Amino acid sequence: QVPLVESGGGLVQPGGSLRLSCAASGSIFSWNDPGWYRQAPGKPRELVALITSRGTTNYADSVKGRFTISRDNAKNTVYLQMNSLKPEDTAAYYCNGVLSDGSRWFNGWGQGTQVTVSS
């Protein structure tokens, strides 16, 4: 079972906005330091945004001021609000975190959601 499931990707024009969601499966008991990563074709996967358990956020320089990461603990869901999108933001976006199903801790990933910024 995939522990994290992303949604909200799609095709958007430059300057537009998208909101990505990442929901943990029902088997996930705890989710520490959730983050969003992205990978464009031919490039390595890179960190986009991270939010710690205390609510501290960190962003890649390329998205600062445009992207906002947030979480809803009650829903066990993490969001990435992306504004002022640029063609260079085109990539597959993945969520990640240190997860626990109550019996073990492991590094978990979602299956990814595609974001394409193009006119």
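It should be emphasised that the depicted structure is a prediction, and the values quoted were computed from it without experimental measurement.

**Student:** Talk me through the overall build of the chain; I want residue IDs and the actual numbers.
**Tutor:** In terms of helices and strands, the chain carries 0 helices and 11 strands. Listing every helix and strand of the chain by position from the N terminus yields β-β-β-β-β-β-β-β-β-β-β. Projected onto the principal axes, the alpha-carbon positions of the chain cover approximately 45 × 30 × 25 Å. Per-residue burial over the chain gives 45% buried out of 119 residues. For the chain, the share of sequence-separated contacts (at least 6 apart) that also reach a separation of at least 24 residues comes to 56%.

**Student:** Give me the lowdown on unusual backbone geometry, citing residues and values where you can.
**Tutor:** A positive phi is found at Asp33, a non-glycine position, where the angle reads about 45°. Tracing the backbone shows Asp33 in strand E4 (residues 30–39).

**Student:** I'd like to hear about the sheet that holds strand E3 (residues 18–24), residue by residue, with values.
**Tutor:** Sheets are built from strands paired through backbone hydrogen bonds, the pairs being either parallel or antiparallel. Sheet architecture is open: 4 strands sit in the order E1-E3-E8-E7, paired in antiparallel fashion. Edge positions in the sheet fall to strand E1 (4–7) and strand E7 (67–72), since each of these pairs with one other strand and no more. Averaged over all pairs of adjacent strands, the angle between strand axes in this sheet comes to 15°, irrespective of strand direction. Relative to E3, E1 runs antiparallel, the two being bridged by 4 bridges. Following the sheet pairing, Glu6 is matched in E3 by Cys22.

**Student:** Before we move on, could you go through the environment of Arg66 and cite the residues and values that matter?
**Tutor:** Here Arg66 lies in the loop between strand E6 (57–59) and E7. A sequence separation of 64 residues divides Arg66 from Val2, and the C-alpha atoms of the two residues are 29 Å apart. If we skip the residues at most four places from it in the chain, Arg66 touches Gln81, Met82, Asn83, Ser84, Leu85, Lys86 and Asp89. Among the polar contacts listed, one links the side chain of Arg66 to the backbone oxygen of Ser62, at a separation of 2.8 Å.

**Student:** With reference to specific residues and values, describe the state of the cysteines.
**Tutor:** Working definition: the covalent bond between the sulfur atoms of two cysteines is a disulfide. Scanning the model with the defined rule gives 1 disulfide in all. With its sulfur 1.8 Å from that of its partner, Cys22 forms a disulfide with Cys95. Between Cys22 and Cys95 the sulfur-sulfur dihedral comes to about 50°; the bridge is accordingly right-handed. Note that Cys22 is positioned in strand E3 and Cys95 in strand E9 (residues 91–100), a separation of 73 residues in sequence. Neither Cys22 nor Cys95 differs from the other in exposure class; each is buried.

So, how was this worked out
- Residues numbered from 1 in each chain as written.
- Predicted model: local features only at pLDDT ≥ 70, side-chain atom pairs only at ≥ 80, totals over all residues.
- Heavy atoms only, no water.
- Helix = DSSP H or I, 4+ residues; strand = E, 2+ residues; numbered from the N terminus.
- Buried < 20%, exposed > 50% of the residue type's maximum accessible area, 1.4 Å probe, protein only.
- Contact = heavy atoms within 4.5 Å.
- Pairing = 2+ DSSP bridges.
- Axes fitted to C-alpha atoms, helices over the stretch in contact; angles between N-to-C directions.
- Polar contact = N/O pair within 3.5 Å; in protein donor to acceptor, adjacent residues only side chain to side chain.
- Disulfide = S-S within 2.5 Å.

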